[in-house]
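So the chains spell out like this:
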Amino acid sequence: MSLTHGRDHLAIPGPSVIPSRVLQAMQRPAPDIYAGELVELTDTILDQLNALAGCSGDAVLYIGNGHAAWEAALVNTLAPGEHLLALSSGRFGRGWAEMGTALGINVQVIDAEHGQAINAEQVAATLKADTRQQIRAVSTVQSDTSSSVRNDIAAIRASIDSSGHPALLLVDGICSFGCEPFNMDSLGVDVYISACQKGLMTPPGLAIVFVGERARLARQDASPRSAYWDWRPRIAASTLPERFAGTPPTHHLFGLKEALDLLFTETPEAVWTRHEQLAGMVWAALDAWGQSGEQGCLESSLSLHVADVDQRSRAVTAIHTAPGDGARLRQWCKEQAGVTLGIGMDLGISAGTVVGSSTDAMFRIGHMGHLNLPMLMGTLSSIDAGLKACNIPHGGGALEAASTVCSGYG
Ligand SMILES: *Cc1c(COP(=O)(O)O)cnc(C)c1O
């Protein structure tokens, strides 16, 4: 017996659900890449992306995933041997740092405490100690998808400013862009990166890099650097093949345009609020599941990885379970309910005692992008049923709690 015969639901934190309108917009004949609709459409996409990011600089697109955006940001701002201070609150902050090391950059990592955001005071102290101002850039992740920790970008910016340090600020918004409020100009972010398959609801394949004025000028005359990832010719481009260093990603552009139209029709503010509200429902359900269990009155092992509400992502939630339970629950939800939950990830924090939980003792719920109430309640209900089916001790009333929270939203 299985209840999977209906529309599958992907509740992982990226790639996210693709709206039918986006898929339909991609269902078309191959277009001219030198003139006409696609050229104008790409200009509009870049304007829309800049508006969504609050970026008065340049939006640059690459054919690639989030890792491509990581590499583009690094090779355009740092030469091998130069210094990067990488702030890590999970696997992705750590992964970006590891890529820097692989590129020959001299990387120093600051790990956040388990389940917490980056400590801005620690950043300020590290920058103040860099009296020769060797650190050229600070990298951080707005919301780390592995841990669901959300960092305070304004506080990190303030820590750089208060230490009188000239380092550039590079921010990974791959999980958060289009889900959580962000404004590159007012936050003083120099490079902001994203990809199209999370909050932007488009099949994976486009990396987005927003280049602020300071970052663009910082290594304007530096050479050599990677020819393909160099953002200078892409910024200066007047044709699509120049913009993409070759053939443009034709159908992805049609898809992304439709997704951005959906987003701007709803308005970015409303999209951010929707994510805030849906996240609140997930947390309410978790608070209930985490109470002492219904099943044999056992203690519940379910808990949110991030205790402080301000430090929680609005796009993804990481949840701890007893060893093995996360994996069993995911399997039940996929095979019996048609809902795919996010895997537990190594949290990327290796220092001292704060090694992340084993990955079968976690799962994640993606609540990003094209998501409404029945989709989220369906996921929460499936988890509720799965906890019972798998005999995982948990508190009751989670669905009631989620719908009660929701009923309070104006
Ligand atoms: C998904 C994600 C990445 C990696 O993106 P890929 O497309 O898998 O390369 C990096 N950083 C964050 C915060 C992410 O959410």
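Residues numbered from 1 in each chain as written. Predicted model: local features only at pLDDT ≥ 70, side-chain atom pairs only at ≥ 80, totals over all residues. Heavy atoms only, no water.

## Thoughts on unusual backbone geometry
For clarity, the cut-off: In this text, helices come from DSSP runs of H or I with a minimum length of four residues, and strands from runs of E with a minimum of two, each type numbered from the N-terminal end. The buried label applies to any residue whose accessible area, calculated with a 1.4 Å probe on protein chains only, is under 20% of its type's maximum; exposed applies above 50%, and partly exposed to all values in between.
Here the amide bond leading from G14 into P15 is cis, since omega sits at 0°, within 30 degrees of zero. The phi torsion at S148 lies on the positive side, around 60°, for a residue other than glycine. Assignment of secondary structure puts S148 in the loop between β6 (143-144) and β7 (149-150). S148 sits in the buried class, given a relative accessible area of 4%. Within the chain, A245 stands out as a residue other than glycine whose phi angle is a positive 50°. Structurally, the position occupied by A245 is in the loop between α10 (240-243) and α11 (250-266). The partly exposed category is assigned to A245, whose relative accessible area is 46%.

## A few points about the site of the ligand
So the rule is basically this: One heavy atom suffices: a residue is near a molecule or strand as soon as one of its heavy atoms comes within 4 Å of it. Counting of polar contacts relies on pairs of N or O atoms within 3.5 Å, with two restrictions inside protein: one atom must be capable of donating a hydrogen and the other of accepting it, and residues adjacent in sequence are counted only when both atoms are side-chain atoms. Accessible surface area values rest on a Shrake-Rupley calculation with a 1.4 Å probe, where residue burial reflects the displayed protein chains alone.
In the region of the ligand, 13 residues are neighbours, and H67, T145, D172, Q197 and K198 sit closest. The side chain of N65 places a nitrogen or oxygen atom 3.4 Å from an oxygen atom of the ligand. Take Q197: an N or O atom from its side chain is 2.7 Å from an oxygen atom of the ligand. Relative to its unbound accessible area of 380 Å², the ligand is 90% covered by the protein chains.

## Description of the pattern of salt bridges
Formally: Take a side-chain nitrogen of Lys or Arg and a carboxyl oxygen of Asp or Glu: if they are within 4 Å of each other, that pair is a salt bridge.
The full count for this structure, using the stated rule, is 19 salt bridges. Among the salt bridges present, the one from E37 reaches R28, with a minimum N-O distance of 3.7 Å. Through salt bridges that share partners, R157, D161, D190 and R214 make up one connected network.

## Quick notes on the packing of helix α5 (residues 120-129) against helix α6 (residues 153-162)
The following threshold applies: Note on definitions: angles span 0 to 180 degrees between N-to-C directions of axes, and those axes are lines fitted to C-alpha atoms, for helices only across the stretch in contact. Working rule for angles: under 35 degrees goes down as roughly parallel, over 145 as roughly antiparallel, 65 to 115 as roughly perpendicular, anything else as oblique. Rotating anticlockwise by less than a right angle from the far helix to the near helix defines a left-handed crossing, while the corresponding clockwise rotation defines a right-handed one. Contacts between residues were defined by any pair of non-hydrogen atoms, one from each residue, lying within 4.5 Å. Note on residue categories: nonpolar means Ala, Val, Leu, Ile, Met, Phe, Trp, Tyr, Cys or Pro, charged means Asp, Glu, Lys or Arg, and polar means any other residue, Gly included.
Between α5 and α6, whose axes approach to 8 Å, the crossing angle comes to 25°. It follows from the interaxial angle that α5 and α6 lie roughly parallel. In this structure, the crossing between α5 and α6 has a hand that is right-handed. Between α5, through A120, V123, A124, L127 and K128, and α6, the contact on the second element is made entirely by A155, I156, S159, I160 and S162. Broken down by class, the residue content of the contact of α5 with α6 amounts to 7 nonpolar, 2 polar and 1 charged.

## Describing the packing of helix α3 (residues 66-77) against helix α4 (residues 91-102)
Between α3 and α4, the least distance of the axes is 10 Å, while the angle of their chain directions is 50°. Classified by the interaxial angle, the pair formed by α3 and α4 is oblique. Classified by chirality, the crossing of α4 by α3 is right-handed. Packed against α3, whose contacting residues are H67, W70, E71, A73 and L74, the element α4 presents F92, G95, W96, M99 and G100 at the interface. Looking at the contact of α3 with α4, its residues break down into 6 nonpolar, 3 polar and 1 charged.

## Quick word on the sheet that holds strand β3 (residues 83-88)
Under the convention used in this document: For two strands to count as paired, DSSP must find a minimum of two bridges between them.
With mixed pairing, 7 strands are arranged side by side in an open sheet as β2-β10-β9-β8-β5-β3-β4. Bordering the open sheet on either side are β2 (58-63) and β4 (106-111), each of which pairs with just one other strand. Pairs of neighbouring strands in the sheet enclose a mean axial angle of 20°, with direction left out of account. Direction of pairing for strand β9 (residues 191-195) relative to strand β10 (residues 206-211): antiparallel, over a ladder of 5 bridges. Among the inter-strand pairings, V191 is bridged to a residue of β10, identified as V211. Each of β3, β5 (135-141) and β8 (168-172) is contacted by α6, which is oriented at about 165° to β8, the strand it contacts most.

The values are spatial; any link to function lies outside them.
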